[in-house]
Amino acid sequence: MKASYDFLVVGAGFSGMNAVAALLRSAPRGRILVVDQRTVVGGSWNDFYPFAKLHLPHLTWGVNAHTWHLEDPNILASRDDVLKHFRSYAQTLDPARVHFLGGSRFVTNTPDDDAHTFTNNVTLTNRHQSQFQVSAGLVLNCVGFDYKGHNTAEVDPHSDGSTANRECQPKDLPKILQQPFNSNSKRMFVVIGGGKTATDAASYILSHIQGNHANAKDAQVLIITGRSKYFFNRDMFAPKRPVSSDKTSLSEYYLDMILQYDGTNSSSIMSDMARKGLFLKLGDEPPESTYGGFLSPSEILTLKQNASIIENDYFQGLDTPSDDKNSSYTISPTSSSLPTTSSRTSRIRLASGRIIETDAHVILVNCRSCHTDNYQQPFLNPMHPLRPDNTLLPGAILGSTGGTSYLLTSLAARAPHVFDNITLYANNKTRWVINPCVDGGQQVSLDWLFRYIIAATASYLQIAPYMDKCVVSSYTLDTNMWFPTETQQRARERVVRNANRILELADDHCRILKPRDSPLLTDTSDIR
């Protein structure tokens, strides 16, 4: 006999666990099945590199209303801390109401003939790849970030692909830095990429060098950023507690940004905010891209003082001698041909034609984007939550996957049909908002950030009238809650005062999502 549940949640990470939290509050008598391809909760955090940390203080993140084990509110939770938080929440769940089925995947959902009944026949696979079916009232697809690793040299349009088997991943660095190495030798860590993963990896290597670890003290770090990117200044957007009430909250900064936006001036707005210290950059040139990562000025300063940084250029390939000897490295003038060097010199080739010569042992660290080849990723290709197969896909239309999941699931548990009547927005109006690179690569543009903030704010304004006051009052994932109560109230009032203008911006620059719509892009042919 087919097992029956009131709710099926696909994914047990940030989005999925918040869907469970919402269901337990909004539908306290419902039976919930949670399935995940992994055998433990925590989602993509199980696969991140071990020195990964949250971008912002932990109290603005996690499972809604679930207490963290960390005492210092200013701590950026580590990967292990995040997993401990998720697993401690899972241990509080009543197995009679919430059943976790690890090692399983969602395959298809077949709704009843009446698409509005929210009665579904769901096909899943178990860890042995055998298919089975369950019945569920509401199916929530909470795959969220769905991290599958970083793009490799083989798919990087800037790379010749020859180093795919030679590049290590960030998660390999702890073991590499602990390995014995010839004390008379030097190593050069070449960090490929300039986003948050790259800065994390470079900082981790430098911490070993500065800590005078025996296996890292003579190492050098070179960061090849690709297209230069802006980072949010964490010290400005989330200052350390205690925070005074005269500080500007994160949502107020966002509001200031978007109210200036006219569709053509994202670069000038960002440059002005960077001059005010709100945004940071690794290099000297004005960036035209961002993935929304947060760094502190001290992190940027450490990287600038202790690593060599090449911005707005791309790693292409590496030519190595058969016998490595180690000394310092130099960067040649721009050239399309290889300079004459000794047989012991390695040559790091860049897309511009520049050559980096070194006698050090080169270790390539792959920190390329994990976004660019995933066109179903909710941050980059948002869709209406109500899908053609009758599942609910919270995505990240309200900002973060976890916060979106909690709020939309709370609403769906009480009135699933309401999504047919709410106007929601996506940041991409006609296609991905990207900067095409000269040789075929792509980068998310600054317009993506502005339109993302506009779409998320406008969508929240649209669902707010339908939200239960108890749900809103119990919501802990609002970044404004990092600030004093007076600041929170001021931020809410400013958004309400500017609601009409925000909705006008959304109508002008964003795409209206329609129930059961199709993904805007299903392949890469449109991205050139």
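From a predicted model like this one, the values you see are computed outputs, not experimental measurements. (Residues numbered from 1 in each chain as written. Predicted model: local features only at pLDDT ≥ 70, side-chain atom pairs only at ≥ 80, totals over all residues. Heavy atoms only, no water.)

Novice: When you look at the overall build of the protein in this model, what are you seeing that I'm missing?
Specialist: Within the protein, the secondary structure is distributed over 13 helices and 21 strands. In the protein, which comprises 528 residues, the proportion classed as buried is 56%. Residue pairs at least 24 apart in sequence account for 75% of intrachain contacts in the protein once pairs closer than 6 positions are excluded. On the protein, roughly 22500 Å² of surface is accessible, and the fraction owed to carbon and sulfur atoms is 48%. (Helix = DSSP H or I, 4+ residues; strand = E, 2+ residues; numbered from the N terminus. Buried < 20%, exposed > 50% of the residue type's maximum accessible area, 1.4 Å probe, protein only. Contact = heavy atoms within 4.5 Å. Areas by Shrake-Rupley, 256 points an atom, 1.4 Å probe, with all protein chains shown as cover.)

Novice: What should I look at first to understand the sheet that holds strand β9 (residues 230-233) in this one?
Specialist: Overall, mixed pairing links the three strands, which are arranged β10-β9-β11 in an open sheet. At either margin of the open sheet sits one strand with a lone partner, and together these are β10 (279-281) and β11 (294-295). Here β9 pairs with β10 via three bridges, running antiparallel. Following the sheet pairing, Tyr230 is matched in β10 by Lys281. Against the sheet, helix α8 (residues 297-306) contacts β9, β10 and β11, and its axis sits at roughly 10° relative to β10. (Pairing = 2+ DSSP bridges. Axes fitted to C-alpha atoms, helices over the stretch in contact; angles between N-to-C directions.)

Novice: Looking at this structure, how should I read the nonpolar core?
Specialist: Nonpolar side chains in soluble globular proteins tend to be buried together. Core analysis: the largest hydrophobic core is formed by 80 residues, its most contacted members being Val9, Met17, Trp45, Phe86, Leu173, Phe189 and Val221. In contact with Met17, not counting residues within four places along its chain, are Ala12, Val34, Val41, Val63, Phe86 and Tyr89. Residues Met273, Phe279, Ile502 and Ala506 belong to the second largest nonpolar core, which totals 39 residues. (Core = buried A, V, L, I, M, F, W, Y, C linked by side-chain atoms within 4.5 Å.)

Novice: I'm lost on the pairing of β9 in this one. Help?
Specialist: A regular strand places its side chains on the two faces of the sheet in alternate fashion. Across two bridges, the pairing between β9 and β11 is parallel. From the neighbouring strand, Phe232 faces β11, where its bridge partner is Phe294.

Novice: Sorry if this is basic, but what is going on with the packing of helix α6 (residues 250-259) against helix α12 (residues 485-497) here?
Specialist: Where α6 meets α12, the closest approach of the two axes is 9 Å, and the angle between their N-to-C directions is 25°. With respect to α12, the element α6 is oriented roughly parallel. As α6 runs across α12, the sense of the crossing is left-handed. Taken together, the residues of α12 that come into contact with α6 (itself represented by Ser251, Glu252, Leu255 and Asp256) are Thr487, Arg490, Ala491, Arg494 and Val495. (Parallel < 35°, antiparallel > 145°, perpendicular 65-115°, else oblique. Left-handed = near helix turned anticlockwise from the far one by under 90°.)

Novice: Help me understand the environment of Tyr230, please; the structure alone is not making it clear to me.
Specialist: You can see Tyr230 is positioned in strand β9. Judged by its relative accessible area of 2%, Tyr230 falls in the buried class. Each C-alpha atom, one on Tyr230 and one on Lys281, is 5.1 Å from the other, the two residues being 51 residues apart in sequence. Other than its neighbours up to four places away in sequence, Tyr230 contacts Met270, Ser271, Ala274, Phe279, Leu280, Pro287, Ser289, Thr290 and Leu446.

Novice: Please explain unusual backbone geometry as it appears in this structure.
Specialist: The bulk of non-glycine residues show a negative phi, and the bulk of peptide bonds are trans. Along the chain, Arg241 connects to Pro242 via a cis peptide bond; the corresponding omega equals 5°. The phi torsion at Asn390 lies on the positive side, around 80°, for a residue other than glycine. If you trace the backbone, Asn390 turns up in the loop between β17 (361-366) and α9 (401-414).

Novice: Honestly, the environment of Gly11 in this entry has me stumped. Any pointers?
Specialist: Checked against the element boundaries, Gly11 lands in the loop between β1 (3-10) and α1 (14-26). For Gly11, a relative accessible area of 9% translates into the label buried. Sequence separation of Gly11 and Ser104 is 93 residues, and the distance between their C-alpha atoms is 9.7 Å. When sequence neighbours within four positions are dropped, the list of residues in contact with Gly11 reads Gly16, Val34, Val35, Asp36 and Cys142.

Novice: Quick question: what am I supposed to make of the confidence of the model for the protein here?
Specialist: Where the model shows low pLDDT, its predicted coordinates should not be examined in detail. Mean pLDDT over the protein: 87, with 86% of residues reaching 70 or higher. Counting contacts from residues 323-343, a segment whose pLDDT is below 50, to residues more than four positions away or on other chains yields 52 contacts. Across residues 522-528 the pLDDT falls below 50, and counting only partners more than four positions away or on other chains, this stretch makes 15 contacts in the model. (pLDDT = per-residue confidence, 0-100.)

Novice: Would you mind showing me how to read the pattern of salt bridges here?
Specialist: Once the charged atoms of two side chains with opposite charge are near each other, the side chains can pair. Scanning the model with the defined rule gives 16 salt bridges in all. One salt bridge in this structure joins Lys196 and Asp200, with 2.8 Å as the shortest N-O distance. In this pair, Lys196 and Asp200 are both assigned in helix α4 (residues 196-210), four residues apart and thus about one turn of the helix distant. Across the pair, exposure class does not vary: Lys196 and Asp200 are buried alike. The shortest N-O distance in the salt bridge between Glu252 and Arg490 comes to 2.8 Å. With a gap of 238 residues between them, Glu252 in helix α6 and Arg490 in helix α12 connect regions that are remote in the sequence. When its relative accessible area of 3% is taken as the criterion, Glu252 is described as buried. Here the residues in one salt-bridge network are Asp36, Arg38 and Asp47, joined through shared partners. (Salt bridge = Lys/Arg side-chain N within 4 Å of Asp/Glu carboxyl O.)

Novice: Would you explain the sheet that holds β17 in this entry?
Specialist: In a beta sheet, neighbouring strands are held together by backbone hydrogen bonds and run either parallel or antiparallel to one another. The parallel open sheet is built from four strands, whose spatial order is β12-β8-β7-β17. The open sheet is flanked by β12 (308-310) and β17, the only strands paired with a single partner. For this sheet the average axis-to-axis angle between neighbouring strands, irrespective of direction, equals 20°. Pairing between strand β7 (residues 187-192) and strand β8 (residues 220-224): five bridges, direction parallel. Among the inter-strand pairings, Val190 is bridged to a residue of β8, identified as Leu222. Lying over the sheet, α4 contacts β7, β8 and β17, oriented at roughly 170° with respect to β8.

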